Amino acid sequence: MSTRALFREDAYLTHCEASVTAVDEQGIHLDQTVFYPLGGGQAGDAGTLTLADGTRIVIADTRKAKFEGATPDDAVHVPAPAQDDALSKLKVGDKVRAEIDWEQRHRRMRLHTASHLICAVLPYPVDGCSITTEYARLDLATVEPIEREAVEAKLNALIGGAHAVYTEWITDDEMAARPELVRTMSVKPPMGLGRVRLLRIESVDLQPCGGTHVRNTGEIGALRIAKLEKKSARTRRLVLELA
Ligand SMILES: [Zn+2]
């Protein structure tokens, strides 16, 4: 039931052809997909699967599949409720066209890339993050005061700087030798696959990440800090929104 995660090679793929490998209580498993499964703080994709006869199945969410020997790439497409008729037509081996809600995903790619910029502007350990269509929320482990206007200005300068964004790969051994690359306390880089994916923002940031990002910081567009608060004695919470 293993899934080829096409979004890791190209986050801009909006659709693909795929074969149904299983249908179970978790949802629909495909041999390859453009749907990002919830993980690393980034929400799972929604969209549609279209069968050869034109029947459409609405996908509400995507999760990591759970089965013996599953890898972090194995995804399951979770259908929206009340689609029994459409689902009854679906069989293992069927060819489907899998298409994500691109408008939603692109907002998440912009906000996700922006959360990497936050790591560069505020170099504190990240103690939790959530990337949705509406906002990026980061909890930073620091007791230092954070000045909203200064941070907003630095962020918008990095966006205006139009820095290239791309992925690089290193081996598990190289990753183990460079623990300083890991910025997020709650999200461990996926080790055990032999190699680890790094996200580089040219001259700005480098850290392991399996999420989806825009190609250039200029594509993020204007941002604002919607909320900045003390979450606990040792944590500051920051919420970013697209302006
Ligand atoms: Zn990322």
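Source: prediction; values computed, not measured.

Colleague: Sorry if this is basic, but what is going on with the domain arrangement of the protein chain here?
Modeller: Interface size is often expressed as the accessible area that is lost when the parts come together. Domain parsing of the protein chain yields domain 1 (4–100) and domain 2 (104–242). Between the C-alpha centres of domain 1 and domain 2 the distance comes to 27 Å. Contacts between the two partners involve 16 residues from domain 1 and, on the opposite side, 19 residues from domain 2. Regarding the contact of domain 1 and domain 2, the summed buried area is about 1,500 Å², with carbon and sulfur atoms giving 51% of it. Three residues stand out in domain 1 for area buried against domain 2, namely Arg8, Tyr12 and Gln42, and they jointly supply 42% of the buried area on that side. At the boundary of domain 1 with domain 2, the tally comes to 12 residue pairs in polar contact (both at pLDDT 80 or more). Classifying every residue of the side of domain 1 that touches domain 2 gives 9 nonpolar, 5 polar and 2 charged.

Colleague: What is the right way to read the coordination of the zinc ion from this model?
Modeller: Reference geometry at the metal: tetrahedral coordination by four donors gives ideal angles of 109.5 degrees; octahedral coordination by six donors gives 90 or 180 degrees. At 2.0 to 2.1 Å from the zinc ion lie its protein donor atoms, namely His112 (NE2), His116 (NE2), Cys209 (SG) and His213 (NE2). Taken together, the 4 donor atoms surrounding the zinc ion define angles of 102 to 124 degrees at the centre, an arrangement classified as tetrahedral. Read N to C, the donor residues that coordinate the zinc ion are spaced as H-x3-H-x92-C-x3-H. One end of the pair, His116, is in helix H3 (residues 102–121); the other, Cys209, is in the loop between strand S13 (205–208) and strand S14 (223–232), with 93 residues separating them in the sequence. We note that His116, like Cys209, is buried.

Cut-offs used in this document
- Residues numbered from 1 in each chain as written.
- Predicted model: local features only at pLDDT ≥ 70, side-chain atom pairs only at ≥ 80, totals over all residues.
- Heavy atoms only, no water.
- Domains from an automatic or database assignment.
- Contact = heavy atoms within 4.5 Å.
- Buried area = accessible area lost by both parts, 1.4 Å probe.
- Polar contact = N/O pair within 3.5 Å; in protein donor to acceptor, adjacent residues only side chain to side chain.
- Nonpolar A, V, L, I, M, F, W, Y, C, P; charged D, E, K, R; others polar.
- Donors = N, O, S within 2.8 Å, 3.2 Å for Na, K, Ca; no water.
- Tetrahedral: all angles 85-135°; square planar, octahedral: opposite > 155°, others 65-115°.
- Helix = DSSP H or I, 4+ residues; strand = E, 2+ residues; numbered from the N terminus.
- Buried < 20%, exposed > 50% of the residue type's maximum accessible area, 1.4 Å probe, protein only.

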